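What follows is the residue order along each chain.
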Amino acid sequence: MAVKIALAGNPNSGKTTLFNALTGSNQFVGNWPGVTVEKKEGRLKDQKDVMITDLPGIYSLSPYTLEEVVARNYLIHERPEAILNIVDGTNLERNLYLTTQLLELGIPVVVAVNMIDVVNKNGDLIDTQQLAKALGCEVVTISALKQTGIQEAAALAVKLAKQGQALPPAHRFSPKVEKVLDAILSQLPAEIPSEMQRFYAIKLFERDDKITAKMNTVPDVGALIQKAEDELDDDAESIITNERYNYIGSIIHQCYTKKNQSRMSVS
Ligand code: BGO
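Description of the structure in this document. (Residues numbered from 1 in each chain as written. Predicted model: local features only at pLDDT ≥ 70, side-chain atom pairs only at ≥ 80, totals over all residues. Heavy atoms only, no water.)

Leu75, Leu131, Leu135, Tyr200 and Phe205 are the most contacted members of the largest nonpolar core, which has 62 residues in total. Ignoring sequence-local partners within four residues, the contact set of leucine 75 consists of Ala6, Leu55, Leu61, Pro80, Ile83, Leu102, Leu105 and Ile107. By size, the runner-up hydrophobic cluster in this structure holds 26 residues, among which are Phe19, Val50, Ile142 and Ile150. (Core = buried A, V, L, I, M, F, W, Y, C linked by side-chain atoms within 4.5 Å. Buried < 20%, exposed > 50% of the residue type's maximum accessible area, 1.4 Å probe, protein only. Contact = heavy atoms within 4.5 Å.)

The next point concerns the pattern of salt bridges. Per the stated rule, a full pass over the model turns up nine salt bridges. Across the pair lysine 203 and glutamate 206 runs a salt bridge, and its minimum N-O distance is 2.9 Å. On the accessibility criterion, glutamate 206 (13% relative accessible area) is buried. Of the charged contacts, one joins glutamate 229 and arginine 207 as a salt bridge, the two residues approaching to 2.8 Å between their closest N and O atoms. Of the two residues, glutamate 229 is situated in helix α10 (residues 222–232) and arginine 207 in the loop between α8 (197–205) and α9 (209–212); the sequence distance between them amounts to 22 residues. Judged by its relative accessible area of 10%, glutamate 229 falls in the buried class. (Salt bridge = Lys/Arg side-chain N within 4 Å of Asp/Glu carboxyl O. Helix = DSSP H or I, 4+ residues; strand = E, 2+ residues; numbered from the N terminus.)

Moving on to the sheet that holds strand β4 (residues 47–54). Spatially, seven strands are ordered β2-β3-β4-β1-β5-β6-β8 in an open sheet, and the strand pairing comes out mixed. Of all strands in the sheet, those bounded by a partner on one side alone are β2 (27–31) and β8 (138–141). Along the sheet, successive strands turn relative to each other by an average axial angle of 25°, direction set aside. Sheet strands touched by helix α3 (residues 92–102): β1 (3–9), β5 (82–88) and β6 (109–114). Its angle to β5, the strand with the most contacts, is close to 165°. Docked against the sheet, helix α5 (residues 128–135) engages β6 and β8, running at close to 150° with respect to β8. (Pairing = 2+ DSSP bridges. Axes fitted to C-alpha atoms, helices over the stretch in contact; angles between N-to-C directions.)

Right, let's talk about the packing of aromatic side chains for a bit. Across all of its chains, the model carries three aromatic pairs by this definition. On the basis of an interplanar angle of 75° and a centroid distance of 5.4 Å, the ring pair of tryptophan 32 and tyrosine 74 is categorised as edge-to-face. Here tyrosine 74 lies in helix α2 (residues 66–78) and tryptophan 32 lies in the loop between β2 and β3 (38–44), a separation of 42 residues in the sequence. Taken individually, tryptophan 32 and tyrosine 74 each receive the classification buried, so the pair is uniform in this respect. Geometrically, the ring pair formed by phenylalanine 199 and tyrosine 200 is edge-to-face, given 6.0 Å between the ring centres and 85° between the ring planes. Overall, phenylalanine 199 belongs to the buried group, its relative accessible area being 1%. Lysine 39 extends its terminal NZ or CZ atom over the ring of tryptophan 32, reaching a point 4.5 Å from the ring centre. (Phe/Tyr/Trp six-rings, centres within 6.5 Å; stacked < 30°, edge-to-face > 60°. Lys NZ or Arg CZ within 6 Å of the ring centre and 35° of its normal.)

A word on α3. The element α3 is extensively covered by neighbouring structure, given that 10 of its 11 residues are classed as buried. Residues of α3 that are buried include every one of Leu92, Glu93, Asn95, Leu96, Tyr97, Leu98, Thr99, Thr100, Gln101 and Leu102, and no others.

Before going further, it helps to examine α5. All of the buried residues in α5 are Leu131, Ala132, Ala134 and Leu135. Looking straight down α5, one finds its buried side chains confined to an arc of 165°; they lie on one side. Opposite the buried face of α5, by more than 90 degrees, sit the exposed residues Gln129 and Lys133. At the N-terminal boundary of α5, the capping side chain belongs to aspartate 127, with an oxygen 3.3 Å from the backbone nitrogen of glutamine 129. Glycine 136 lies just past α5 and shows a positive phi near 80°. (Arc of directions from axis to C-beta. Polar contact = N/O pair within 3.5 Å; in protein donor to acceptor, adjacent residues only side chain to side chain.)

Written as structure tokens, this is what we have:
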């Protein structure tokens with residue numbers, strides 16, 4: 001049976017360049033079911049049993065754009081065996097916002113830091129070991145344009161797909177938020193597979209009604225969420241977004257060194 005790998009990333013991260021380099025002419029182009037969003041699939045050039053699905057370019061797994069909904073429905077329902085997450089190394093902070101969400105899905109992730117030719121030319125440094133530790137997943141550097149590191153990135157995704165076990169994400173929200181997530185987790189119905197429970201708990205906390213619409217039984221967690229919102233004086237979705245950005249800021253501080261600067265300043 002074919003190994004299914006999803007290629008995910010922000011618009012302009014180099015996804016098309018990477019997809020074309022990995023699959024060559026072994027591509028099938030159509031539309032995602034029911035929508036006019038282009039769907040591209042292709043087999044790895046040298047490993048025809050590996051099918052890569054190119055997800056729409058997105059910044060987040062929120063429910064606000066058609067592309068986000070298409071991408072996350074695919075990840076939730078089709079459950080690819082691994083995600084190859086391409087991130088633009090020259091724009092790491094913005095790109096990692098999606099990465100932190102992909103890591104919550106319980107699917108093995110390889111982060112491929114792209115445009116490393118530009119990063120190197122600029123004299124900047126990315127500590128990939130530290131980045132891998134901070135995220136809790138495999139990290140490699142590639143240049144999709146110059147075709148360096150791309151076979152290694154694909155091979156790592158195939159290896160993780162075959163191993164079939166995602167690492168738990170390293171990121172934890174603040175203790176107050178984690179306490180609410182634990183309470184939501186304890187009330188999730190058995191229909192939610194264990195590896196997807198954290199994703200569902202976060203989406204329930206965010207009051208994401210496109211996610212609750214997928215559930216046969218929705219736990220009544222409104223009062224829990226309201227209490228957290230009152231205590232933290234913000235709405236649940238903003239609490240999650242702000243904590244994600246703080247976490248990413250700390251990662252950038254640890255892992256990205258700008259030329260002539262000991263550590264990158266965080267905006
Ligand atoms: C243009 N290194 C460098 N230097 N550039 C890269 C790399 C890399 O590793 N990977 C991709 N690019 P897409 P999405 C362009 O098209 O694959 C470049 O949206 C231009 N075009 O060549 O399209 C890639 O699918 C004119 O650049 O991304 C492309 O994710 C001038 O990043 C751009 C300069 O790649 C986006 C660049 C007419």
